[in-house]
Amino acid sequence: MKETKTLPLFSTYELDSRFYDELLKDNNEVREVYKTLYNLFGSYSVSEFDRLNKQAKDSFFNLGITFQVYGDKEVKEKIFPFDLFPRIINNKEWTTIEKGVLQRSKALNLFLWDVYHDQKIIKQGIVPEDLIKSSANFLPEMIGLDPPGGIYNHISGTDLIKHSDGKYYVLEDNIRCPSGVSYVIGNRNAVKHALFGVFNQYNAHTVVDYGSKLLDTMESVKPNGVDAPVCVIITPGVYNSAYYEHSFLAKQMGVVLVEGRDLFVENGFVYMRTIYGPEKVDVIYRRVDDLFIDPLVFKKDSMLGVPGLFSVYQKGNVTLVNAPGTGVADDKAVYTYMPEIIKYYLDEEPILNNVHTYHCSRKDELKYVIENIDKLVVKPVDESGGYGISIGSKLTKEEIETVKKTILAAPRKYIAQPIMSLSTHPTYIDENESFESRHVDLRTFTLLGKDTDFVLKGGLSRVALKKGNLIVNSSQGGGSKDTWVLKK
Amino acid sequence: MLARVANNLFWMGRYIERSEHLARFLNVNYFSSLDAPDELSQSRQFVLRSVMYMSANEIIDADITLEEEAVLFNVGLNLEQPYSIVNTFINAHENARSSRDLISTELFECINRINHSFKGYPIEKFVKSGLYEFTSMVTQSASEVRSKIKGTLLHDEVYAIIMLGVYLERAIQVSRIINSKLSDVAAAKEIYGDVIDGSYQWSTLLKCVSTHDMMRSFYKKTPSRKTTLEFIILNGKCPRSIKSCLYQIYKYICIISKNRQITDDSAAFLIGKMKADFEYKLITDIEDNIEEFIADLIEHLVLIADKLEDNYFNISDAIVKPDVKVATEIKKQTQKQ
């Protein structure tokens, strides 16, 4: 089939040869996996597609698939911007991604065990001690503690990009509270509803099984001596930006969504306050940060946690998912050592590439970073949501000087990476009523349980909606699209 | 079920019912008054005062002139007024949102969609020409929500808690509407004496509670003071009468309290006692001191609500909006997106 780029919705679609485009090859020919979709979109008029797109967005709003945005005076409910053109990943590419993210999750789990036990990797000089001890997310309270099932990072979100060389690179391993899986399922539903005649032309893997797999994972790490564990999710509350996701997951799993004030500790166990009195809780998927989970041990004046929870955890009477202290391994400086970590614990070569990373706490690398900021992306090691990132090529001379000063004041806090060429993907731009190319990344979701693991066959493709922008986070105005993983 | 969530569900039920009664009272009073049979009942000031009394529980001095658009805005769409219809529904939505893992997707979607449409209703249109449309929308929406509650939830404890809220609030709102109409009738009597038979006010009262057609069908004659009050308070077959509400409240408290010991100061005991008291009550027992009876009734219903919270919800400070400290902590949570 010979394709021509004349379909009305693609009339303004421009290929930028500097980037890998997910839809078009360099010669403007549509890639194999997209051919059916591309031609099917040709059957839509611009106004028809515009109507479907608006309907899909309205459905998100009415369904309450939203996140909270904090203004000075009020909290606003917003939908995660979404467009109906799905991203398609063929089976071969996906197999590599799946193996790669699972490999990283397993290696990170072994790394966490080692960091909080024998610290062999440090003693053998592979990872410097300083790097661990100076991490804001290292919890000395976890030293020597054995989490049930031997798992720390039960849930991992791995951020990947496709570079101009056509290969996937890992940008970040998120193993504290990776968010977004609810949008994966919401996006899929929206696409199925709006484009049912299109979706059934492809043989894509389902994403609806995530809830049951998550529950299986939680139950697999129940405390010793418990037959049928009571699992709950703890949320900071309805005003948290990810509250929709918390309630969605609780509903998917059929477990109770609690807040800190719903729980209390008595005689070494955790209970929730129900209308019929206390009920023991065994496994808690916590979406509350480490330092807020127990005011008796961590942040003394925290209102979100449960006094005494950590002591119950230490006794092995409750499982926390993800384990406290996992954040030490999603520190962006630790990311630098991922190839060595994988090799050390699994004796395997990394399946997925790391982006070359300069660690500012190393003198020679600091020098290089300071001299080449305009060619680099500078990131704080412990921030999330795209905050604190400086893209050198977008900075003015004055801004470069400010970034230099900031780095020199606290080199341990920063890493730098070459500016990666995130692949581009057709994205429907409302104001122009057409598809335009925008940069995308991919977040995958991996579950690790006792003797069990699972990678969701799909993911959250995040889109930088502003032309030329490389930051895709929703908190920075990014959008998302459904991701189809083909069965064969 | 978590005690906090039970509290949210209870209040969700209450706020949905409250929004419907406020809207219907506003709708019926305003539009009935346009062609009312006497000058007082037609008086804009009289109607606006009655609306403020019912909605905001405010008695406005006779020498204060109320501005119609301001009253309509305050009662309908003013986000700054805790008693406004829009705020009442926002509260129902917030309570649903904080327990959405327990309620059906269909129910939450229904409440969420309605909440957006209420909040987005144009103020200018409402105060100038949209009063009928908006208030009708509210009453229809409340019916729709109740239908989702009945049709998409398991009829278990969760359902029983919501319905307890619905029927308790209905009993309170009907009592308050009776109270308000008794006050209107008294004001008319003061001016016109016995020349006025009050049938207009009794018909309005029945319409405010959506019982006019049922009452006409039951008695087959023009509403009088005695038949109206008898029907609306003591008719066990009328789904909106006080007696019927008490039967429902009793039914649902029995589901909730099946595993609990009933002490003589518990909500379950008080409800049972009140239901038993209504079982053999006659209109002749109460018609001579009806104002006192209604005041006492409201007091008892409020006491039952307090007891329910004490007995089942425990967390009495369930916050609708977080205080500054909690809000700051919530913001700090790193939920990567």
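Residues numbered from 1 in each chain as written. Chains lettered and ligands numbered in written order. Predicted model: local features only at pLDDT ≥ 70, side-chain atom pairs only at ≥ 80, totals over all residues. Heavy atoms only, no water.

Asker: Give a description of the overall build of chain A that names residues and reports values.
Answerer: Helix and strand counts for chain A stand at 14 helices and 22 strands. The C-alpha extent of chain A, read off along each of the three principal axes, is 70 × 60 × 50 Å. When burial is assessed residue by residue, chain A has 60% of its 488 residues classed as buried. In chain A, of all internal contacts separated by at least 6 residues, the share reaching a separation of at least 24 is 70%. Carbon and sulfur atoms form 51% of the exposed surface of chain A, whose accessible area is close to 19000 Å². Here chain A carries 59 positive and 64 negative side-chain charges, and the mean point of each set is 2 Å from the other. (Helix = DSSP H or I, 4+ residues; strand = E, 2+ residues; numbered from the N terminus. Buried < 20%, exposed > 50% of the residue type's maximum accessible area, 1.4 Å probe, protein only. Contact = heavy atoms within 4.5 Å. Areas by Shrake-Rupley, 256 points an atom, 1.4 Å probe, with all protein chains shown as cover. Lys, Arg positive; Asp, Glu negative; His and termini not counted. Charge placed at Lys NZ, Arg CZ, Asp CG, Glu CD.)

Asker: How would you explain the overall build of chain B if you had to name every residue and give the values?
Answerer: A tally of helices and strands in chain B yields 17 helices and zero strands. Its C-alpha atoms give chain B a radius of gyration of 21 Å, within 12% of the compact-globule value 20 Å for 337 residues. Seen through its principal axes, chain B has C-alpha atoms that stretch 70 × 50 × 35 Å. Buried residues in chain B amount to 59% of all 337 residues. Restricting the contact set of chain B to residue pairs at least 6 apart, pairs at least 24 apart contribute 69%. In the structure as shown, chain B presents an accessible area of about 14200 Å², 50% of it carried by carbon and sulfur atoms. (Rg over C-alpha atoms; globule rule 2.2 N^0.38 Å.)

Asker: Could you give me a rundown of the nonpolar core, with the residues and numbers involved?
Answerer: Core analysis: the largest hydrophobic core is formed by 157 residues, its most contacted members being Phe111(A), Ile284(A), Ile341(A), Ile149(B) and Ile233(B). The contact partners of Ile149(B), leaving out residues within four places of it in the chain, are Met12(B), Ile16(B), Leu107(B), Tyr159(B), Ile162(B) and Met163(B). Counting 93 residues, the second largest nonpolar core, distinct from the first, contains Phe10(A), Val30(A), Ile233(A) and Leu257(A). (Core = buried A, V, L, I, M, F, W, Y, C linked by side-chain atoms within 4.5 Å.)

Asker: Explain the confidence of the model for chain A to me, and be specific about the residues and the numbers.
Answerer: Residue and element names in this part refer to chain A. For chain A, mean pLDDT is 90; residues scoring 70 or higher make up 96% of the total. The weakest mean pLDDT in chain A belongs to strand E1 (residues 66–70) at 74; the strongest belongs to strand E6 (residues 231–234) at 98. Predicted confidence for residues 1–5 stays below pLDDT 50, and this span has 11 contacts to residues more than four positions away or in other chains. (pLDDT = per-residue confidence, 0-100.)

Asker: Quick rundown of the packing of aromatic side chains? Include the residues and the values.
Answerer: Given two aromatic rings, one states the distance between the centres and the angle between the planes to describe the pair. Residue and element names in this part refer to chain A. Summed over the entire model, instances satisfying the criterion amount to 45 aromatic pairs over all chains. Aromatic side chains Tyr-116 and Tyr-152 sit 6.1 Å apart centroid to centroid with 20° between the ring planes, which places their arrangement in the stacked category. In this pair, Tyr-116 sits in the loop between helix H3 (91–115) and helix H4 (120–123) while Tyr-152 sits in the loop between helix H5 (129–133) and strand E4 (155–162), placing the two residues 36 residues apart along the sequence. Judged on exposure class, the residue Tyr-116 and its partner Tyr-152 are both buried. (Phe/Tyr/Trp six-rings, centres within 6.5 Å; stacked < 30°, edge-to-face > 60°.)

Asker: Run through the sheet that holds E6(A), naming residues and quoting values.
Answerer: Residues and elements named next belong to chain A. In spatial order, the strands read E7-E6-E11-E12; together these four strands make up an open sheet with parallel pairing. What marks the edges here is a single partner per strand, and that holds for strand E7 (256–258) and strand E12 (319–321). Averaged over all adjacent pairs, the angle separating strand axes in this sheet is 30°, with direction ignored. (Pairing = 2+ DSSP bridges. Axes fitted to C-alpha atoms, helices over the stretch in contact; angles between N-to-C directions.)

Asker: Tell me about the pairing of E4(A), and please be specific about residues and values.
Answerer: All names here are of chain A. Counting buried residues along E4, eight of its eight residues qualify, which places the element largely inside the surrounding structure. By the bridge criterion, six bridges tie E4 to strand E19 (residues 434–449) in an arrangement that is antiparallel. The residue of E19 that forms the bridge with Asp-159 is Arg-443.

Asker: An account of the packing of helix H6 (residues 105–119) of chain B against helix H8 (residues 131–152) of chain B is requested, with residue identities and associated values reported.
Answerer: Residues and elements named next belong to chain B. At a minimum axis distance of 9 Å, the contact between H6 and H8 shows a crossing angle of 170°. Comparing the axis directions of H6 and H8 gives the class roughly antiparallel. Along the contact surface, H6 presents Glu-106, Leu-107, Cys-110, Ile-111, Arg-113, Ile-114, Ser-117 and Phe-118, while H8 presents Phe-134, Met-137, Val-138, Ser-141, Glu-144, Val-145, Lys-148, Ile-149 and Thr-152. Partitioned by chemical class, the residues of the contact of H6 with H8 number 10 nonpolar, three polar and four charged. (Parallel < 35°, antiparallel > 145°, perpendicular 65-115°, else oblique. Nonpolar A, V, L, I, M, F, W, Y, C, P; charged D, E, K, R; others polar.)

Asker: Any chance you could break down the pattern of salt bridges for me, citing the residues and the numbers?
Answerer: This structure, assessed with the given rule, holds 49 salt bridges over all chains. The shortest N-O distance in the salt bridge between Lys35(A) and Glu29(A) comes to 3.9 Å. Salt bridges linked by common partners bring Glu17(B), Glu20(B), Arg24(B), Arg146(B), Arg170(B) and Arg240(B) together as one network. (Salt bridge = Lys/Arg side-chain N within 4 Å of Asp/Glu carboxyl O.)

Asker: I'd like to hear about empty space enclosed by the protein, residue by residue, with values.
Answerer: Residue and element names in this part refer to chain B. In the structure shown here, the tally under the stated rule is three cavities of 30 Å³ or more. Estimated volume of the second largest cavity: approximately 50 Å³. In this structure, the second largest cavity is lined by Asn-29, Ser-33, Ser-41, Phe-46, Val-47, Ser-50, Lys-181, Asp-184, Tyr-200 and Gln-201. Looking at the lining of the second largest cavity, the elements with two or more residues in it are helix H1 (3–33), helix H3 (44–56), helix H9 (157–192) and helix H10 (199–208). The dominant element in the lining of the second largest cavity, judged by the number of residues it contributes, is H3, at three residues. Across the lining of the second largest cavity, the residue classes tally to three nonpolar, five polar and two charged. (1 Å grid on protein atoms, 1.4 Å probe; cavity = no way out; pocket = protein on both sides within 12 Å on 5 of 7 lines; lining within 4 Å. Points joined across faces, edges and corners; volume = space filled by probe spheres on them.)

Asker: If you had to explain the packing of helix H13 (residues 242–256) of chain B against helix H14 (residues 267–279) of chain B to someone new, which residues and values would you point to?
Answerer: How two helices sit against one another is set out by the angle between their axes and by the gap between those axes. Residues and elements named next belong to chain B. As a packed pair, H13 and H14 sit with axes 9 Å apart at the nearest point and diverge in direction by 145°. In this structure, the crossing between H13 and H14 has a hand that is left-handed. Every residue of H14 that contacts H13 at Ile-242, Lys-243, Leu-246, Tyr-247, Ile-249, Tyr-250 and Ile-253 is listed here: Ala-268, Ile-271, Gly-272, Met-274, Lys-275, Phe-278 and Glu-279. Considering only residue class, the contact of H13 with H14 consists of 10 nonpolar, one polar and three charged. (Left-handed = near helix turned anticlockwise from the far one by under 90°.)

Asker: Hey, could you go over the sheet that holds strand E17 (residues 414–418) of chain A for me, with residue numbers and the actual values?
Answerer: Residue and element names in this part refer to chain A. The strand order across the open sheet built from four strands is E14-E17-E15-E16, with neighbouring strands paired in antiparallel fashion. The open sheet terminates on both sides in strands that have one partner only, identified here as strand E14 (358–359) and strand E16 (390–391). In this sheet, E17 lies alongside strand E15 (residues 376–380) in antiparallel orientation, the contact comprising five bridges. In the strand pairing of E17, Lys-379 is matched with Ile-415.

Asker: Help me get a handle on the environment of Thr424(A), residues and values and all.
Answerer: Residue and element names in this part refer to chain A. Relative to the assigned elements, Thr-424 resides in strand E18 (residues 424–429). Put simply, Thr-424 and Arg-438 are 14 residues apart on the chain and 4.9 Å apart in space, counted from C-alpha to C-alpha. Those residues within four positions of Thr-424 in sequence are excluded, and the remaining contacts are Phe-19, Tyr-20, Asp-21, Glu-22, Ser-437, Arg-438 and His-439.

Asker: I'd like to hear about unusual backbone geometry, residue by residue, with values.
Answerer: Excluding glycine, a negative phi dihedral is what most residues carry, and trans is how most peptide bonds are arranged. Residue Asn322(A) is bonded to the preceding Val321(A) through a cis peptide linkage, with omega at -15°. Here Asn267(A), not a glycine, exhibits a phi torsion of approximately 50°, which is positive. In this fold, Asn267(A) is placed in the loop between strand E8 (263–266) and strand E9 (269–274). Located in the positive-phi region is Asn57(B), a residue other than glycine, with phi close to 60°. Among the structural elements, Asn57(B) can be located in the loop between H3 and helix H4 (68–76).

Asker: Kindly report on the environment of Glu433(A), identifying the contributing residues and their values.
Answerer: All names here are of chain A. With respect to the helices and strands, the residue Glu-433 is situated in the loop between E18 and E19. The spatial distance from the C-alpha of Glu-433 to the C-alpha of Ser-47 is 8.2 Å, given a sequence separation of 386 residues. Those residues in contact with Glu-433, other than ones at most four positions away along the chain, are Val-46, Asp-50 and Tyr-428.

Asker: Please set out the side chain of His116(B) residue by residue, giving values where relevant.
Answerer: With respect to the helices and strands, His116(B) occurs in helix H6. Residue His116(B) is classed as buried on the basis of its relative accessible area of 14%. With sequence-adjacent residues up to four places away left out, His116(B) is seen in contact with Phe61(A), Asn62(A) and Glu77(A).

Asker: Outline H14(B), listing residues and values.
Answerer: Residue and element names in this part refer to chain B. Its 13 residues give H14 an end-to-end C-alpha distance of 18 Å, which sits within 8% of 18 Å, the value for a rise of 1.5 Å per residue. Every buried residue belonging to H14 is among Ala-267, Ala-268, Leu-270, Ile-271, Gly-272, Met-274, Lys-275 and Phe-278, and all of these are buried. Of the surrounding secondary structure, the elements contacted by the buried residues of H14 are helix H12 (225–234), H13 and helix H16 (290–313). (Expected span 1.5 Å × (residues − 1).)

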